[in-house]
Amino acid sequence: MNTKIESYRLLQSIVAGAERVISSKQELNKINIFPVADGDTGSNLSSLMQSIIDSISTDNMSIKQLLNQISDAALIGARGNSGVIFAQYLNAVSENYQVGEENLERLIESFGKAVSSAYSALLEPKEGTILSVMRTWSETLVTNHKNGLSFENSLLHAKNKAYDAVIATQFQMVILKKNKLVDSGAKGFYYFIEGFTDFYCGIINNAKLIVTTTNNNEDIPQQHKILEKPVHRYCSEFIIKELKILEVELKNILSEKGDSLVLAGNQKKLKIHIHTNQPHKILTVLEKYGTITYQKIDDMALQYEISQNKKSSIAIVTDSVADFPKELILTEQIHVLPMNIAINDQYFLDKLTINSEVIQAKSTPDVKMNTSQPSIQTVDALFSFLEGKYDHVIVITVSSKLSGTYQLISQRIKAKDLSDKWIHLFDSKLNSVAQGLLVKQATQLVDKGLPFEKIVEEIKKISERIFIYVAVKDLTPMIRSGRVPKHLGKMAQKFSLHPIVSLDKEGRGKLIGASFSQRKSMTKIMKKITALSRHSKLEEIAITHVLSNDDVLWCEDFLSKKLGEHFYISDSSSAIAIAAGAGSVAIAGILKENI
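So, about the pattern of salt bridges. Applying the stated criterion across every chain, the model contains 24 salt bridges. The salt bridge partner of Lys 440 is Glu 540, with a shortest N-O separation of 2.7 Å. Taken together, the residues Lys 440 in helix H18 (residues 432-447) and Glu 540 in strand E15 (residues 538-545) connect sequence positions 100 residues apart. The class for Glu 540 is buried, based on a relative accessible area of 15%. Because the salt bridges share partners, they merge into one network encompassing Arg 20, Lys 159, Glu 194 and Asp 198.

Here you go:
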């Protein structure tokens, strides 16, 4: 094999497959009804594919180097369930392709071996999804090549089998059969291998040429040895494409917003590194001058506090859906994994580069907003940081019934072979301020110096005593996201109903009441809270809200007079802002034991 020619051909075939997926984004979004009808599978897969296109270069490299580049890019760009599964598959292909004599046999074997890793990305793998088509294509490719077919003919036959597998998904899942649709993620994978196959076999030859990117990121600090208290809190990195302003002009603008500023690249693709206290303002500037394709934010202040005055040998980790006072991050040294927030084709990091105000400013009828779990790279980077620094780690996630975060972290723990004696993953079955209360309780247990196993045991008990009530002012976000069936939502809107939402024992959302005004919904919630307090059943409460200062002040005044107890109020996460909408108010509490 001529490695240089074949690796370039392989690269261009991958680009052709990625472009096929991107061009099919809207179609895939329209047919996305499983596991949630939130219409974002096409966008999530496009994010993955764009990350691959942006990250790989035409430099002379081996197939192993190419696969490693694709794997790294996939881990950065993966969004949503299908995106994470696809990224895990590509990562496994790279891992299974061993360094040595490079030939197609090794590559085909790697495709076959990677299927099991894709299945392991899910706690409960289901047939009739992207997994089924992935397995059919990989197994057919391996079998045909073993039977003596050329790689080209094996690809063509496997493509046809994959198409049949896509059609079959319509009959493998009840919800797909009922709606007469094939699985969106499955079809997305098919489009990738269709584009890949057609280019490799010469059926098409119009994959875009990739501009060679000069590897001039040496100036970007890769790791920070934080010996002094940082002047600015966040180490922020962004990649911006098709810059509409001269680099020197952008540098002058950004130099006023932080320090340690470094720009690497060119007008087509520029990487920015800056230390700042307000990364969301950096992003707001960059949005004006190009397309942002990558963001990474590290909390240097937290890293410094841990290096100089680590509170405990047990680390508490949660995701950004948990709402609690932000000062607790430093005082209690809580590690927070940011959720990804998508607004049309632009991604943001929850509570870092976006907040409720930004969401409200961007919210118009034609703007689509979604949330997805933290990136694989973010999870892996955090675990890498925690190893060697802590004896134990406790991860408390948003309810697994509301997000794929628990599933993703579980898979990464398994992939990295982390011991359950070192790390415990806990599905809170909660969200928002209820999840925040549980995280706060966990830090208090750590402060008491309790053993790791005892803390885990107590967290479970406490979680079962936590409740949450949410007064939703506007049902539109819930209808758009598919969290409320469209026909029911429209009916509620027609009668001007304001729902009260809670969570069941499994962590699923449930409707527990409704009123004809937001204030009446809140009054009903206040009566529930005061009744619990009157009977001495209440241990602690907390409030969060989405741009609803007047209502929160009313709640604070009401509860202060009735309860006379201290409670905290926090701004809601962007994820909750998208799900519940502006004006929403949530109150969570912990019931006393043995009531």
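That covers the picture; the talk isn't over yet.
Turning our eyes to something else, we now look at the nonpolar core. Of all hydrophobic cores here, the largest spans 117 residues; its most connected members are Tyr 89 and Trp 137. For Tyr 89, the contacting residues outside a window of four places in its chain are Phe 111, Ala 114, Val 115, Ala 118, Met 134, Trp 137, Ser 138 and Phe 189. Within the second largest apolar cluster, 37 residues are counted, among which are Leu 254, Leu 263, Ile 272 and Leu 283.

The predicted model of the chain averages 86 in pLDDT, with 90% of residues at 70 or higher. Residue range residues 1-5 is modelled with pLDDT below 50. Its contacts to residues more than four positions away, or to other chains, number 10 contacts. pLDDT under 50 marks residues 209-218. Its contacts with residues more than four places away, or in other chains, come to 19 contacts.

A word on helix H16 (residues 376-386). Every buried residue of H16 is accounted for by Ile 376, Val 379, Asp 380, Leu 382, Phe 383 and Leu 386. Relative to the axis of H16, the buried residues are bounded by an arc of 160 degrees and lie together on one face. Looking one or two residues past H16, Gly 388 carries a phi angle of roughly 90 degrees, positive in sign.

Our next topic: a positive patch on the surface. On the surface, a cluster of positive charge is contributed by Lys 520, Lys 524, Lys 527 and Lys 528. Position of Lys 527 relative to the elements: it lies in helix H22 (residues 518-534).

By secondary structure assignment, the location of Ser 13 is in helix H1 (residues 3-23). Reaching out from Ser 13, the side chain makes a polar contact with the backbone oxygen of Arg 9 at a distance of 2.8 Å. Every residue in contact with Ser 13, bar those within four places of it in the chain, is listed here: Gly 195, Phe 196, Phe 199 and Tyr 200.

Each value, and the rule that gives it
Residues numbered from 1 in each chain as written. Predicted model: local features only at pLDDT ≥ 70, side-chain atom pairs only at ≥ 80, totals over all residues. Heavy atoms only, no water. Salt bridge = Lys/Arg side-chain N within 4 Å of Asp/Glu carboxyl O. Helix = DSSP H or I, 4+ residues; strand = E, 2+ residues; numbered from the N terminus. Buried < 20%, exposed > 50% of the residue type's maximum accessible area, 1.4 Å probe, protein only. Core = buried A, V, L, I, M, F, W, Y, C linked by side-chain atoms within 4.5 Å. Contact = heavy atoms within 4.5 Å. pLDDT = per-residue confidence, 0-100. Arc of directions from axis to C-beta. Patch = residues over 30% accessible without salt bridge, like charges linked within 9 Å, V, L, I, M, F, W, Y side chains within 5 Å. Areas by Shrake-Rupley, 256 points an atom, 1.4 Å probe, with all protein chains shown as cover. Lys, Arg positive; Asp, Glu negative; His and termini not counted. Charge placed at Lys NZ, Arg CZ, Asp CG, Glu CD. Polar contact = N/O pair within 3.5 Å; in protein donor to acceptor, adjacent residues only side chain to side chain.

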